[in-house]
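Okay, here's what each chain looks like letter by letter:
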Amino acid sequence: MALGANVRHILAFLVFAVASGSNDVNATEHDPGIWAIFSTTSSFDSNSRWHYWFDAQARYFDLGTGINQWLARPAIGYDFGNGIKGWIGYARFRTRSRSGNTADENRYWQQVNWTAGQWLGGRLALRARFAQRFVSVGDDTGLLLRLMAKYQYSLGESDSKLVVGVEPFFNLRDTDWGGDSGLVQNRFFVGFNSRINQHLTLEY
């Protein structure tokens, strides 16, 4: 199935955004890994503006080294209308290093989601998340800003969509546990979203 000109323009723009987000292309690392994710979100009842969110993840980085991470992340949100939702949440992380040492993290976060509506034949969603990080191996509080743009484009008459997303991470201060200020990560995703049933979708 050929992609329309609008989708090609969006792909080109996001690739450029990712490439220009790092001052040193040689610093890019590629480590094969596996992420298992469970996520659910909904309103408390059909007439409520209040929503809940929970996700749990198991991440295995650089396969064969023993580096892994687990997290659980609940949140409460409110729908302000016009595609805008606000969230307040908590996350608990446990990370195991290559040497076998573990570090625990408590993270408190606040988030605004905006579904910007139709754009170039698809749907654009924007997200900003601010987090305060408390890590067991240091005394400083880390401040993290995550910005995300995700574009979904329906593929014909099917329930599948093309998904293109970019999400840069910025540390807002240095910390004694190894956090350096500035751009520390930029996630880029191109894939598909398929609806399995009324309550379940698959993104790959």
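In the block above lies the structure referred to throughout.
This section reports on the structure supplied with the text. Every value quoted in this text rests on a predicted model; they were computed, and no experiment measured them.

Listed in full, the 10 residues of the largest apolar core are Trp53, Leu71, Ala75, Trp87, Ala91, Phe93, Trp109, Ala131, Leu144 and Phe169. Listed by contribution, the elements that provide at least two residues to this core are strand S3 (68-81) and strand S4 (84-96). By residue number, the principal contributor to this core is S4, which donates three residues. Apart from residues no more than four positions distant in its own chain, Ala91 is found in contact with Ala72, Arg73, Glu105, Asn106, Arg107 and Trp109.

What follows covers the pattern of salt bridges. In this structure the tally under the stated criterion is seven salt bridges. Salt-bridge contacts for Arg73 lead to Asp55; the nearest nitrogen and oxygen are separated by 3.0 Å. With Arg73 in strand S3 and Asp55 in strand S2 (residues 50-60), this residue pair connects regions lying 18 residues apart in the sequence. Each of the two residues, Arg73 as well as Asp55, counts as buried. We note a salt bridge from Glu167 to Arg146, for which the minimum N-O separation is 2.8 Å.

Phi is mostly negative for residues that are not glycine, and the peptide bonds are mostly trans. One non-glycine residue, Asn82, adopts positive backbone phi at about 55°. Looking at where Asn82 falls in the secondary structure, it is placed in the loop between S3 and S4.

What follows deals with the pairing of strand S9 (residues 182-195). Where strand S8 (residues 160-171) and S9 come together, 12 bridges link them in antiparallel fashion. Across the sheet, Ser160 pairs through a bridge with Ser194, a residue of S9. Two elements, S9 and strand S10 (residues 201-203), share three bridges in a ladder whose sense is antiparallel. Residue pairing for S10: Arg195 is matched across the bridge by Thr201.

Once that is clear, we can look at the side chain of Asn171. Relative to the helices and strands, Asn171 is located in strand S8. Since its relative accessible area comes to 11%, Asn171 is described here as buried. Among the polar contacts listed, one links the side chain of Asn171 to the backbone oxygen of Asp180, at a separation of 3.1 Å. Other than its neighbours up to four places away in sequence, Asn171 contacts Arg133, Leu143, Leu144, Gly179, Asp180, Ser181, Gly182 and Val184.

Take the environment of Ser43 next. Note on placement: Ser43 falls in strand S1 (residues 34-43). With a relative accessible area of 22%, Ser43 lands in the partly exposed category. Separated by 10 residues in the primary sequence, Ser43 and Trp53 have C-alpha atoms spaced 9.0 Å apart. If near-sequence neighbours (up to four positions away) are discounted, Ser43 is found in contact with Ser48, Trp50, His51 and Tyr52. Reaching out from Ser43, the side chain makes a polar contact with the backbone oxygen of Asp45 at a distance of 2.9 Å.

Turning to the packing of aromatic side chains, a few remarks are in order. Applying the stated criterion across every chain yields a total of 10 aromatic pairs. Seen in terms of ring centroids, Tyr108 and Phe134 are 6.0 Å apart; in terms of plane orientation they differ by 75°. Their pairing is edge-to-face. With a gap of 26 residues between them, Tyr108 in strand S5 (residues 102-119) and Phe134 in strand S6 (residues 122-135) connect regions that are remote in the sequence. An aromatic cluster of at least three residues, connected via ring pairs, comprises Trp50, Tyr78 and Phe80. The ring of Trp35 has Arg59 sitting right over it, with the charged end atom 4.2 Å from the ring centre. Above the face of the Trp109 ring, Arg129 is positioned so that its terminal group lies 4.5 Å from the ring centre.

Take the sheet that holds S10 next. In spatial order, the strands read S1-S2-S3-S4-S5-S6-S7-S8-S9-S10; together these 10 strands make up an open sheet with antiparallel pairing. Only two strands of the sheet have a single neighbouring strand rather than two, namely S1 and S10. Between one strand and the next, the sheet's axes are offset by a mean angle of 20°, whatever the strand orientation.

What counts and what doesn't
Residues numbered from 1 in each chain as written. Predicted model: local features only at pLDDT ≥ 70, side-chain atom pairs only at ≥ 80, totals over all residues. Heavy atoms only, no water. Core = buried A, V, L, I, M, F, W, Y, C linked by side-chain atoms within 4.5 Å. Buried < 20%, exposed > 50% of the residue type's maximum accessible area, 1.4 Å probe, protein only. Helix = DSSP H or I, 4+ residues; strand = E, 2+ residues; numbered from the N terminus. Contact = heavy atoms within 4.5 Å. Salt bridge = Lys/Arg side-chain N within 4 Å of Asp/Glu carboxyl O. Pairing = 2+ DSSP bridges. Polar contact = N/O pair within 3.5 Å; in protein donor to acceptor, adjacent residues only side chain to side chain. Phe/Tyr/Trp six-rings, centres within 6.5 Å; stacked < 30°, edge-to-face > 60°. Lys NZ or Arg CZ within 6 Å of the ring centre and 35° of its normal. Axes fitted to C-alpha atoms, helices over the stretch in contact; angles between N-to-C directions.

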